[in-house]
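Next come the chains, spelled out residue by residue.
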Amino acid sequence: MKNTWQYQGTEPIKIKKYLQSLGMGHRLFNDLKNGQGEFLVDHRKVRPTTKILPNQPLTVIAQPEIRDLSVKLSDEPLKIVYEDANWIVIDKPAGVTSIPGPSVDNGTVLNRAVKYLIDQGSDDQRPHLITRLDRYTGGLLLIAKHNVASSMISQQVQQHQMLKEYTAFVSGTFKEKHSVINKPIARREGQPQRVIAEDGQRAITEYWVEEEQAGWTKLRVQLHTGRTHQIRVHLASIGHPLIGDHLYGGDISERQHQALWATKLSFKDPFTLKQLTFSREIGSLLEN
């Protein structure tokens, strides 16, 4: 994989410092420095300690990632919303698992993405899921096509700089049209459910009421942290479980899985330095 940036600073800067400012992780830089890649300035190969000057182009060439043979290939399609040389954004259907596991080893987003890259003739055949969704949560999901993209977006993920919004249908109505739930979430041994607990991990969920009908409310929800089942646990903890969410006490008379979709995703592309934003509309409680 080859990527080029035009350095826009006003003072000379070392390649490592510049790439770190764009988001590249220390581990990947070391891998590139130690034989898994090359650095070019003005199209000439240079040492990784080289300083680049204002307006000089820097090119990073990384060795392609070969396929992980333990990941099976799936002919099931990806519903692609956006694609370029570095990213794929898909609309994941509810019911599709993100990554293989003990109970589902094929047909997942990862299985499909590997097969898709192979079919496209890509040299990189080990996609990285940057965001993941519960099996029965549908919506927007970001895939990095190669390890350079994965490394360079990781800082935004870790620092919660990536905007992730959801649409949720919950039981009941709200007095407050906007609020923030700040309750730690913990895992309990042998239980699939997460719980609110003082010894849990910090978890913050913000929500806005968008529509109310008899017995249910449509919410716009923004995650400020990324805990497993966070939205489901938090909304159930305030007495408004997701409709269809049998695990957390939701009404299953109309749906057999949670009425939750990832409907907005926005991040700064570390390659173009432009903000990329994607949205999906949910019009009905009964959508898949």
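The preceding data block contains the structure.
**Student:** For this particular structure, what's the right way to read helix α4 (residues 147-158)?
**Tutor:** Owing to its 3.6 residues per turn, the α-helix aligns residues three or four sequence positions apart on the same side. Its 12 residues give α4 an end-to-end C-alpha distance of 16 Å, which sits within 8% of 16 Å, the value for a rise of 1.5 Å per residue. Within α4, the full set of buried residues consists of Asn147, Val148, Ala149, Ser150, Ser151, Met152, Ile153 and Gln156.

**Student:** Please clarify how the packing of aromatic side chains should be interpreted in this entry.
**Tutor:** The relative placement of two aromatic rings is captured by the distance of their centres and the angle of their planes. For the coordinates displayed, the defined rule picks out 9 aromatic pairs. Ring centres of Phe169 and Trp261 lie 5.9 Å apart, and the angle between their planes is 85 degrees; this geometry places the pair in the edge-to-face category. Residue Phe169 is found in strand β11 (residues 163-171), and its partner Trp261 is found in strand β17 (residues 260-268); the two are separated by 92 residues along the sequence. Trp261 matches Phe169 in its accessibility class, with the two residues each being buried. Each ring, one from Phe174 and one from Tyr207, has its centre 5.2 Å from the other, and the planes form 55 degrees; the classification is tilted.

**Student:** Looking at this model, I keep getting lost on the pairing of strand β7 (residues 80-83). Mind explaining?
**Tutor:** Consecutive side chains along a regular strand alternate between the two faces of the sheet. Looking at chain direction, β7 and strand β8 (residues 87-92) are connected through 3 bridges and run antiparallel. The residue of β8 that forms the bridge with Ile80 is Ile90. Between β7 and β8, which follow one another and run antiparallel, lie 3 residues.

**Student:** Just checking my understanding: could you explain the side chain of Glu165 for this structure?
**Tutor:** Relative to the helices and strands, Glu165 is located in strand β11. You can call Glu165 buried: its relative accessible area is 9%. Separated by 3.0 Å, the side chains of Glu165 and Arg220 make a polar contact. Once residues lying within four places of it in the same chain are set aside, the contact partners of Glu165 are Arg220, Val221, Gln222, Trp261, Ala262, Thr263 and Lys264.

**Student:** Can you walk me through the nonpolar core in this structure?
**Tutor:** A general trend in soluble globular proteins is that nonpolar side chains are found buried together. Formed by 34 residues in total, the largest nonpolar core has its most connected members in Ile15, Leu19 and Trp87. Each residue touching Ile15, except ones within four places of it in the same chain, is listed here: Phe29, Phe39, Val41, Val46, Arg47, Pro48, Thr50, Ile52 and Leu58.

**Student:** Please explain the side chain of Thr108 as it appears in this structure.
**Tutor:** Here Thr108 lies in the loop between β8 and α3 (109-119). Looking at Thr108, the relative accessible area reads 0%, which means it is buried. Setting aside anything within four residues of it in sequence, one finds Thr108 in contact with Val96, Thr97, Ser98, Ile99 and Pro100.

Rules behind the numbers
Residues numbered from 1 in each chain as written. Predicted model: local features only at pLDDT ≥ 70, side-chain atom pairs only at ≥ 80, totals over all residues. Heavy atoms only, no water. Helix = DSSP H or I, 4+ residues; strand = E, 2+ residues; numbered from the N terminus. Expected span 1.5 Å × (residues − 1). Buried < 20%, exposed > 50% of the residue type's maximum accessible area, 1.4 Å probe, protein only. Phe/Tyr/Trp six-rings, centres within 6.5 Å; stacked < 30°, edge-to-face > 60°. Pairing = 2+ DSSP bridges. Polar contact = N/O pair within 3.5 Å; in protein donor to acceptor, adjacent residues only side chain to side chain. Contact = heavy atoms within 4.5 Å. Core = buried A, V, L, I, M, F, W, Y, C linked by side-chain atoms within 4.5 Å.

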